[in-house]
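The primary structure of each chain is shown beneath.
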Amino acid sequence: MTTLAAASQDRQIAAMLLGIGVILAVGVALGALARRLGQPKVIGEITAGIVLGPSVLGLLPGHLTQRLFPPDARPLLSAVSQVGLVLFMFVVGWEFERRMVRPYARLAAGVSLGSIALAFGFGAAVAVLLYPHHDTVAGHHISFLAFATFMGTAMSVTAFPVLARILTDNKLMDTRVGTLSLASAAIDDVLAWCLLAYVSALVTSDGDLRGLVRIGVYSLVYVAGMFLVVRPLVARLVWRWAASERWGMLLTVLGAGVFVSSWLTSWIGIHQIFGAFLFGFVMPREPRHVLAAHLRKPLDDVALVLLPVFFIVTGLGVDLGALSAADCVGLALVIAVACAGKLLGAIVPARLSGLSWREAKDLGVLMNTRGLTELIILNAAVSLGVLDGRMFTMLVIMALVTTAMAAPMLSRREHLTGAVPGTPSTPVADAGAPHT
């Protein structure tokens, strides 16, 4: 039995390695095609997952999807993708530039809160119509509160890393619209992780008030410990080891911290990506160039290889053939509501603050970009048991559509090219760009 078990495990590992090779090759090809079409690379990588999954490759004779990605190897692929995701979220937290929000803090906060509030309200409203058709996941009944809260969260997201790439590609990074959209998206992301943490706690506690309070108390203790204990310790460690150039040891210790922090938030009852993000958030930013060269770049390189696995594993879970005619109507409604919430929620406060109609429209279009952040939240919802396969497919398509529509809808006029004085555009441009 031991020999048979070892042979089975070897086959699973071999299948996983083949799957990763295919994923990376197809992801690179379609990612490059997406870039040639003026789209972020993530669009091609998610499309690669859909092509390799049951929606396209699975329809061909020979059960090719099952052969390339057998069911017993998919948990291994998912595990690899989660490692890449955790490292990426650590880098996102580390590269979060608090200083970029300051020049237009009030306007950015107004745009962010307006777009989140309206999109969340629209998402919760559409949940009333969709809930009766998606209230059971794998035989387990989902409460309306959890479903509606998650739908509101999914509608509220703006993808900061993808947004940075779109701005760079369209030469809008140093414009007023670009600066405001990045600052607003940064606030958006933090609020989205908080909303996701609440949904995680709500689902984990199964609606029990005592359990929800326990998770809330543990979360507060965890956040306080990260800022009051971990932050000064890590800062002291980074300065001491950076001075002696012990980069390999420092990178290893930081990696251990990321994974332990992720495990801790998972144990508390909120998703592990929150732990990775917050560990990155409390990291020291100085000496900036030294840390970027010796620590952040190696982590970026690892995530660059592993994160496409996450995108494509996500795409493998999309089954367009499983959508009924009613689901297609629901998909159209989801896309319409998602766009309306973000566009109106951003345009109205922007206009009230003195931006022109064109600038306000472009800001709304940029805030409607969901991309990577949406996929992270959707996968978290699946792991929490909040979404069934059909609803997951609908929301992934919504994320693709709202991301793909950004670049073609942007105005390309001289009025957008005025630089914003004092805006730290270079660090922002690098944030997440290799992955999108």
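Note that the structure is predicted; figures quoted are calculated from it, not measured.

The rules we used
Residues numbered from 1 in each chain as written. Predicted model: local features only at pLDDT ≥ 70, side-chain atom pairs only at ≥ 80, totals over all residues. Heavy atoms only, no water. Helix = DSSP H or I, 4+ residues; strand = E, 2+ residues; numbered from the N terminus. Buried < 20%, exposed > 50% of the residue type's maximum accessible area, 1.4 Å probe, protein only. Contact = heavy atoms within 4.5 Å. Areas by Shrake-Rupley, 256 points an atom, 1.4 Å probe, with all protein chains shown as cover. Axes fitted to C-alpha atoms, helices over the stretch in contact; angles between N-to-C directions. Left-handed = near helix turned anticlockwise from the far one by under 90°. Nonpolar A, V, L, I, M, F, W, Y, C, P; charged D, E, K, R; others polar. Patch = residues over 30% accessible without salt bridge, like charges linked within 9 Å, V, L, I, M, F, W, Y side chains within 5 Å. Salt bridge = Lys/Arg side-chain N within 4 Å of Asp/Glu carboxyl O. Polar contact = N/O pair within 3.5 Å; in protein donor to acceptor, adjacent residues only side chain to side chain.

Colleague: What am I meant to see in the overall build of the protein chain here?
Modeller: Counting secondary structure elements, the protein chain contains 18 helices and two strands. The proportion of buried residues among the 436 residues of the protein chain is 54%. Of the contacts formed within the protein chain by residues at least 6 apart in sequence, a portion of 83% connects residues at least 24 apart. Accessible surface, the protein chain: about 18,100 Å² in total, of which carbon and sulfur atoms supply 69%.

Colleague: How should the packing of helix α4 (residues 74-95) against helix α11 (residues 272-281) be read in this particular structure?
Modeller: When two helices pack together, their arrangement is given by the angle between their axes and by how far apart the axes lie. Interaxial distance between α4 and α11 falls to 6 Å at its minimum, and their mutual angle equals 35°. Every pair of crossing elements has a handedness; the one defined by α4 and α11 is right-handed. On α11, the residues touching Gln82, Leu85, Val86, Met89, Phe90, Val92, Gly93 and Trp94 of α4 are Gln272, Ile273, Ala276, Phe277, Phe279, Gly280 and Phe281. Looking at the contact of α4 with α11, its residues break down into eleven nonpolar, four polar and no charged.

Colleague: It is not clear to me how the environment of valine 51 should be interpreted in this structure. Could you clarify?
Modeller: Along the chain, valine 51 falls in helix α2 (residues 41-52). The class of valine 51 is partly exposed, set by a relative accessible area of 31%. With 265 residues separating them along the chain, valine 51 and leucine 316 place their C-alpha atoms 8.1 Å apart. Setting aside its immediate chain neighbours within four residues, valine 51 contacts Leu30, Val56 and Leu57.

Colleague: Would you mind showing me how to read a nonpolar patch on the surface here?
Modeller: Together, Val213, Val217, Tyr218, Val221, Val260, Trp263 and Trp267 give the surface a local cluster of nonpolar side chains, amounting to about 730 Å² of exposed area. If you list the elements that add at least two residues to the nonpolar patch, you get α9 (209-243) and α10 (247-268). In terms of residue count, the dominant contributor to the nonpolar patch is α9 (four residues). Inspection of the secondary structure puts tryptophan 263 in helix α10. On the basis of relative accessibility, which here comes to 52%, the residue tryptophan 263 falls in the exposed class.

Colleague: Just checking my understanding: could you explain the side chain of threonine 314 for this structure?
Modeller: Mapped onto the elements of the fold, threonine 314 is located in helix α12 (residues 288-316). At 2.9 Å, the side chain of threonine 314 forms a polar contact with the side chain of asparagine 379. The residues contacting threonine 314, other than those within four sequence positions of it, are Leu375, Asn379, Phe392 and Val396.

Colleague: Looking at this structure, I do not really get the environment of valine 203. What am I missing?
Modeller: Its place among the elements puts valine 203 in helix α8 (residues 176-204). Taking C-alpha positions, valine 203 is 8.7 Å from glycine 269, a pair spaced 66 residues apart along the chain. Excluding residues within four positions of it along the chain, valine 203 makes contact with Ala146, Leu384 and Val386.

Colleague: Mind showing me how you'd approach the pattern of salt bridges here?
Modeller: Where charged atoms of side chains with opposite charge meet at close range, the side chains can pair. Counted under the stated rule, the structure contains four salt bridges. For the salt bridge of lysine 342 with aspartate 188, the shortest nitrogen-to-oxygen distance reads 2.6 Å. Here the residue lysine 342 occupies a position in helix α13 (residues 325-352), and aspartate 188 occupies one in helix α8, the gap between them amounting to 154 residues. Classification of lysine 342 by relative accessible area gives buried; the value is 0%. Taking relative accessible area as the criterion, aspartate 188 reaches 1% and is therefore assigned buried.

Colleague: Where do I start with unusual backbone geometry in this structure?
Modeller: Negative phi characterises most residues that are not glycine, and trans characterises most peptide bonds. Not every positive phi belongs to a glycine, and alanine 138 is a case in point at roughly 55°. Its place among the elements puts alanine 138 in the loop between β1 (136-137) and β2 (140-141). Given the relative accessible area of 85%, alanine 138 is considered exposed.

That's the geometry; what it means functionally is another story.
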